[in-house]
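What the coordinates show
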Amino acid sequence: MSTAARASTFTEPERPNDLLIRFITIGASFVDVTGTGEYSKDNRWHCTGCGDSSDCPDQDFLFRIRPDANNHAAACRAIPLR
Ligand SMILES: [Zn+2]
C-alpha cells in the first residue's frame, strides 16, 4: 500500500509566471522550479510544503536544479498547510 498522498488531495496553487517545472511531493505539496530558462543561472527550486529551497548561491542551470528538485519531491512528506 502506498503512503503517498494523492495529487487530488490538495488543490494545486497558482502557477508563477516563471514556473519551469512543478513536481508533486509524496506529501502532496509541490516543488516549484522557477527561473528564466534552461541555460540561465538564476533557476532555483522551492518546496511549498516544508519551505526548503535552493537559495543562493545554489542557483544554477536547469539540468543541475532539476534532479535536486525531483529528489526533494520524492523525499518530502510535509503537507500543504494553506
Ligand atoms: Zn519539502
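Residues numbered from 1 in each chain as written. Predicted model: local features only at pLDDT ≥ 70, side-chain atom pairs only at ≥ 80, totals over all residues. Heavy atoms only, no water.

Details of the pairing of strand β3 (residues 44-47)
- Covered by surrounding structure in β3 are Trp45 and Cys47 only, the residues Arg44 and His46 on the alternate face being uncovered.
- As defined by bridge partners, strand β2 (residues 30-34) adjoins β3 across 4 bridges and the pair is classed as antiparallel. Bridge pairing links Val31 to Cys47 in β3. (Buried < 20%, exposed > 50% of the residue type's maximum accessible area, 1.4 Å probe, protein only. Helix = DSSP H or I, 4+ residues; strand = E, 2+ residues; numbered from the N terminus. Pairing = 2+ DSSP bridges.)

Quick look at the sheet that holds β3
- With antiparallel pairing, the 3 strands of this open sheet are ordered in space as β1-β2-β3. Of all strands in the sheet, those bounded by a partner on one side alone are β1 (19-24) and β3. Taking each pair of neighbouring strands and ignoring which way they run, the sheet shows an average axis angle of 20°.
- Of the strands in this sheet, β1, β2 and β3 are in contact with helix α1 (residues 62-75), which crosses β1 at around 25°. (Axes fitted to C-alpha atoms, helices over the stretch in contact; angles between N-to-C directions. Contact = heavy atoms within 4.5 Å.)

Some words on the nonpolar core
- Listed in full, the 11 residues of the largest apolar core are Ile21, Phe23, Val31, Val33, Trp45, Cys47, Leu62, Ile65, Ala69, Ala73 and Cys76.
- Residue assignment for this core shows that the elements contributing at least two residues are β1, β2, β3 and α1.
- Excluding residues that lie within four positions of it along the chain, Cys76 makes contacts with Thr25, Ile26, Gly27, Cys47 and Cys50. (Core = buried A, V, L, I, M, F, W, Y, C linked by side-chain atoms within 4.5 Å.)

Let's talk about the environment of Arg15
- You can see Arg15 is positioned in the segment before β1.
- With relative accessibility at 55%, the residue Arg15 sits in the exposed group.
- The spatial distance from the C-alpha of Arg15 to the C-alpha of Asp32 is 8.8 Å, given a sequence separation of 17 residues.

Some thoughts on the side chain of Asn43
- One can find Asn43 in the loop between β2 and β3.
- Looking at Asn43, the relative accessible area reads 0%, which means it is buried.
- Of note is the side chain of Asn43, whose polar atom sits 2.9 Å from the backbone oxygen of Ser40.
- Non-local contacts of Asn43, meaning those with residues more than four positions away in its chain, are made with Leu20, Thr34, Gly35, Thr36, Gly37, Glu38, Gln59, Asp60, Phe61, Leu62 and Ile65. (Polar contact = N/O pair within 3.5 Å; in protein donor to acceptor, adjacent residues only side chain to side chain.)

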